Amino acid sequence: MLCSTFILNPLFPQYVMLVILLFVLFGLSHRISSLHALRSPLALVLMVVPVFYFFLLLWTHTSTVPFTDDYNLFETISKLHRADGWQEYTSALFEQVNQHRFAFERIVMLILFYSTGTVHLPTLIILGNLAMVGILFLFYKTLLSEKIHWYFFIPVPYILFNLVYSENAFWGIAAIQNTPLILMAFITVYGLSLMSRGGYVLALISAIVTTFISGSGLLVWVIGVLFLVYQKSYRGLVVWVVLATAIVFFYFTYDYTIIQSESESVLKHPIYNLLLLWGFWGNALYLNVPHPLVSYFHPDMVWCAILGFIFTIILLFWLLRLLIIPRLHWSYYFLLGAIMFIMGTGAMFVLSRPSAGYFMHGGAILSRRYMIFGVVLMALMYLCVLIMLKNMRKGFMATSILTGAGMLLLHFHSYYSTLVDVRKQYAELDLDGYYWREHHTYLTQGYNYGDVPFWNHPTRMKELMSAIEADGVSKVKVPEEIEALLRFAQTKNATRPFPGQFQVRSTMRTSWDNQPDLYLTLEAQPLNKERLQYFVLKNGKQMLLLPAIPVPNNWVTMLSSQNYYSEAYSYGLFRIKLPKGSQSYQVWLVTEHDGAQTYWNTNKRLELK
């Protein structure tokens, strides 16, 4: 009940007003003596609220239906469950995916599978995102160790817990990959920064785990070598290098295929790739708006590069402290190692995807799952600046207030621009069971009608679906409300005229292959209180269901009406996502009111060529 209610109304304007009210009261508590006693409770609530709202959205907007690459991990879980002997088991556990070995992710899913009998994706996603709480704790511990008041930590939860990296937050495989990857890498550099035997053992263990979360986890071994050489811990260095060599040897020799890149060397276009590197580092400013390949610069992508350049300057000042401060606290080395890992991940990204032009022209360059590295780097840089300015009161206060205000604006904007996309993905996944059973494809998979995971292999997906359903790993179901619609459509026709407005708009948009293509947008606005659920395209051969997604209000209307969604509905998709050839469809609408569905006929046809 909570899930369905919160999906329909995520209470975003109420959340915005609550946070603003809390900040105002917190500010007044420094001026009004009668409010002094509330200062610390208000600060604590300010830090808890963004974390609570983030996880509430996660729990209510995550589907049990796998999404694209989730099926790859589900396939290996089925292989592990059916493995006959240790050799077959080990092969499945460390099976290569691109350049990665997802042993950590598979172990987490196996634990969930054997403890519950299935792989419940919402639980898996929550577990993955809980790693961000661990990152938040490490940052909090770092700030306190520098004897900076914990009030100045308030902006950090707002930059760490938002929808800038929505794809990473709501996608099963990304949630248990990138977020735990960052946490385990940070635990590694934390252990090394302590310069103690216990810290060294902690670093060794976490480095091994980090390696088998993602390919970029190998960076921690390089960072460890640099740290141990600087610390002159030569005995620890020997053990570290021997273990690193053994792991790297296993990583690249055990059933591993070197993937040859067809891209040009980064050295061929050094300026373009330096800008791309800065853009990756500053990608927290990469807005959730279309970025088609154009001949001009997208403003937000320019700001990503500028922010990445600013981070480079901050890093140089941070490194300068090595020369001017004789004895540095463990927090210095922790922050330095954490920055090295995030920035090193960006460098690996550029090496694997070098650019031959200005990345600010747009196109399919940055995926939203990479934004998690940008927001974590932003939080790291904020902490570094606070520490460097802590003895300069005016600069310290100005930096904390201005940076905090910027982080809060980015936080709000990420939710406003992305909540509707999260709901859209949830609704599309809900239809995947129908599309698989009736059309042998997925609404959420690929760019063309008929696409399936595993590069459209003719049998692999069918065999996988049978295997994971038989093993209990996952089962993609058709919702009962759709079953009712199918029963109705088999023998009857929707004759009731739709009491509202309906239209289809067609425009040309740049698709993911950077080519212009026809884009269709179905729009409807009921006159009554019915909630629109589906657009139905029906002809004598087939029936296609498309989710009706409410259109967000603008900021002024949203705050005045206290409703994030308006009463208008739409759904957009490229023409190639519908069946090829000339097609003529009746357009029905399905609405819901007080639990009852009604089928409407728009008395219009969608003609496709």
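Residues numbered from 1 in each chain as written. Predicted model: local features only at pLDDT ≥ 70, side-chain atom pairs only at ≥ 80, totals over all residues. Heavy atoms only, no water.

1. Focus on the packing of aromatic side chains
One pass over the structure, following the stated rule, counts 56 aromatic pairs. The interplanar angle of 70 degrees and the centroid separation of 6.1 Å between the aromatic rings of F6 and Y53 together place this pair among those described as edge-to-face. One end of the pair, F6, is in helix α1 (residues 2–8); the other, Y53, is in helix α3 (residues 39–61), with 47 residues separating them in the sequence. Of the two residues, F6 and Y53, neither departs from the other in class, the shared state being buried. By way of ring pairs, the aromatic residues F6, F12, Y15, Y53, F412, Y415, Y416, W555, Y564 and Y565 are connected into one cluster. In this structure, R101 packs its charged tip against the face of F250, placed 5.9 Å from the ring centre. When the ring centre of Y571 is taken as origin, the NZ or CZ atom of K424, which lies over that ring, is 5.1 Å away. (Phe/Tyr/Trp six-rings, centres within 6.5 Å; stacked < 30°, edge-to-face > 60°. Helix = DSSP H or I, 4+ residues; strand = E, 2+ residues; numbered from the N terminus. Buried < 20%, exposed > 50% of the residue type's maximum accessible area, 1.4 Å probe, protein only. Lys NZ or Arg CZ within 6 Å of the ring centre and 35° of its normal.)

2. Regarding helix α6 (residues 103–116)
With 14 residues, α6 ought to run about 20 Å at 1.5 Å a step, and its terminal C-alpha atoms sit 20 Å apart, in line with that. Taken together, the buried positions of α6 are A103, E105, R106, V108, M109, L110, L112 and F113. Contact partners of the buried residues in α6: α4 (70–82), α5 (86–93), β1 (96–97), β2 (100–101), α7 (121–145) and α20 (460–471). Of the residues one or two after α6, G117 is the one with positive phi, at around 90 degrees. (Expected span 1.5 Å × (residues − 1). Contact = heavy atoms within 4.5 Å.)

3. A look at the environment of N456
Residue placement: N456 occurs in the loop between α19 (393–439) and α20. Spatially, the C-alpha atom of N456 lies 9.5 Å from that of T441, the residues being 15 residues apart in sequence. Once residues within four sequence positions are removed from consideration, N456 is found in contact with G450 and D451.

4. Details of the sheet that holds strand β8 (residues 565–574)
Strand order in this open sheet of 4 strands is β3-β4-β8-β7, and the pairing throughout is antiparallel. Unpaired on one side and paired on the other, β3 (500–510) and β7 (549–552) mark the two borders of the sheet. Sheet twist, expressed as the mean angle between neighbouring strand axes with direction ignored, is 35 degrees. Pairing of strand β4 (residues 516–526) with β8, which is carried by 6 bridges, proceeds in the antiparallel orientation. Of the residues in β8, the one forming a bridge with L522 is Y571. (Pairing = 2+ DSSP bridges. Axes fitted to C-alpha atoms, helices over the stretch in contact; angles between N-to-C directions.)

5. Some details on the confidence of the model for the chain
Regions with low pLDDT should not have their predicted coordinates read in detail. Looking at the chain, pLDDT values average 93 and 99% of them are 70 or higher. At the level of individual helices and strands, the chain shows its lowest average pLDDT in α1, which scores 80, and its highest in helix α11 (residues 178–193), which scores 98. (pLDDT = per-residue confidence, 0-100.)

6. Some words on the nonpolar core
F139, L160, F186 and V376 are the most contacted members of the largest nonpolar core, which has 214 residues in total. The element that contributes the greatest number of residues to this core is helix α18 (residues 371–389), accounting for 17 residues. Among all residues touching L160, those that are not within four sequence positions of it are M132, I135, L136, F139, Y165, V375, V376 and A379. (Core = buried A, V, L, I, M, F, W, Y, C linked by side-chain atoms within 4.5 Å.)

7. What about the pattern of salt bridges?
Within this structure, the stated rule accounts for 12 salt bridges. With a closest N to O distance of 3.0 Å, R487 and E480 form a salt bridge. For R487, a relative accessible area of 48% gives the class partly exposed. Under the relative-accessibility criterion, E480 is labelled exposed at 52%. Residue E592 pairs with R531 through a salt bridge whose shortest N-O separation is 3.3 Å. With E592 in strand β9 (residues 583–593) and R531 in strand β5 (residues 531–538), the pair connects residues that are 61 residues apart, well separated along the chain. Judged by relative accessible area, which is 17%, E592 ranks as buried. Three or more residues are tied together by salt bridges with common partners; here these are R437, E438 and E483. (Salt bridge = Lys/Arg side-chain N within 4 Å of Asp/Glu carboxyl O.)

8. Focus on the packing of α19 against helix α21 (residues 480–491)
At their nearest, the axes of α19 and α21 sit 10 Å apart, and the two run at 45 degrees to each other. As summarised for this structure, α19 and α21 are arranged oblique, according to the angle between their axes. In this structure, the crossing between α19 and α21 has a hand that is right-handed. Contacts between α19 and α21 involve L431, Y434, R437 and E438 on the former and, on the latter, I482, E483 and L486. For the contact of α19 with α21, the class distribution of residues is 4 nonpolar, no polar and 3 charged. (Parallel < 35°, antiparallel > 145°, perpendicular 65-115°, else oblique. Left-handed = near helix turned anticlockwise from the far one by under 90°. Nonpolar A, V, L, I, M, F, W, Y, C, P; charged D, E, K, R; others polar.)

9. Comments concerning the layout of surface pockets
Here the idea is plain: a probe the size of a water molecule rolls over the atoms and shows the empty space left. Counted as a void, the second largest pocket has a volume near 860 Å³. Listed by contribution, the elements that provide at least two residues to the lining of the second largest pocket are α1, α19, α20 and β5. Tallied by class, the residues present in the lining of the second largest pocket amount to 18 nonpolar, 11 polar and 8 charged. (1 Å grid on protein atoms, 1.4 Å probe; cavity = no way out; pocket = protein on both sides within 12 Å on 5 of 7 lines; lining within 4 Å. Points joined across faces, edges and corners; volume = space filled by probe spheres on them.)

10. Looking at a nonpolar patch on the surface
A surface patch of nonpolar side chains, amounting to about 1,100 Å² of accessible area, comprises W303, I306, F309, I310, I313, L316, F317, L319, L320, L323 and I324. As for its placement among the helices and strands, I324 is situated in helix α16 (residues 299–324). Residue I324 is classed as exposed on the basis of its relative accessible area of 59%. (Patch = residues over 30% accessible without salt bridge, like charges linked within 9 Å, V, L, I, M, F, W, Y side chains within 5 Å. Areas by Shrake-Rupley, 256 points an atom, 1.4 Å probe, with all protein chains shown as cover.)

11. Quick look at the sheet that holds strand β10 (residues 596–608)
Reading across from one edge, β6-β5-β9-β10 is the order of the 4 strands in this open sheet, with antiparallel pairing throughout. Each edge of the open sheet carries a strand with a single partner, namely β6 (543–547) and β10. Taking the axes of each pair of neighbouring strands and ignoring which way they run, one obtains an average angle of 25 degrees across the sheet. Taken together, the 5 bridges between β5 and β6 define a ladder with antiparallel strand orientation.

12. Let's talk about unusual backbone geometry
At N98, a position not held by glycine, the phi torsion is positive, near 55 degrees. Mapped onto the secondary structure, N98 falls in the loop between β1 and β2. Here N98 falls in the partly exposed class, since its relative accessible area comes to 47%. The backbone phi angle of K147 is positive, close to 60 degrees, even though this residue is not glycine. Summarising the element assignment, K147 is placed in the loop between α7 and α8 (155–160).

13. Comments concerning the environment of P547
Within the secondary structure, P547 sits in strand β6. The exposure class assigned to P547 is buried, which follows from its relative accessible area of 1%. Sequence-wise, P547 and M340 are 207 residues apart; in three dimensions their C-alpha atoms are separated by 43 Å.

14. Some points on the pairing of β10
One face of the sheet, then the other: side chains in a regular strand alternate in exactly this way. In terms of strand pairing, β9 meets β10 through 10 bridges, oriented antiparallel. What sits directly across from E592, in β10, is Q597. Once β9 ends, the chain turns through 2 residues before running back antiparallel as β10, passing D594 with a positive phi of about 55 degrees.

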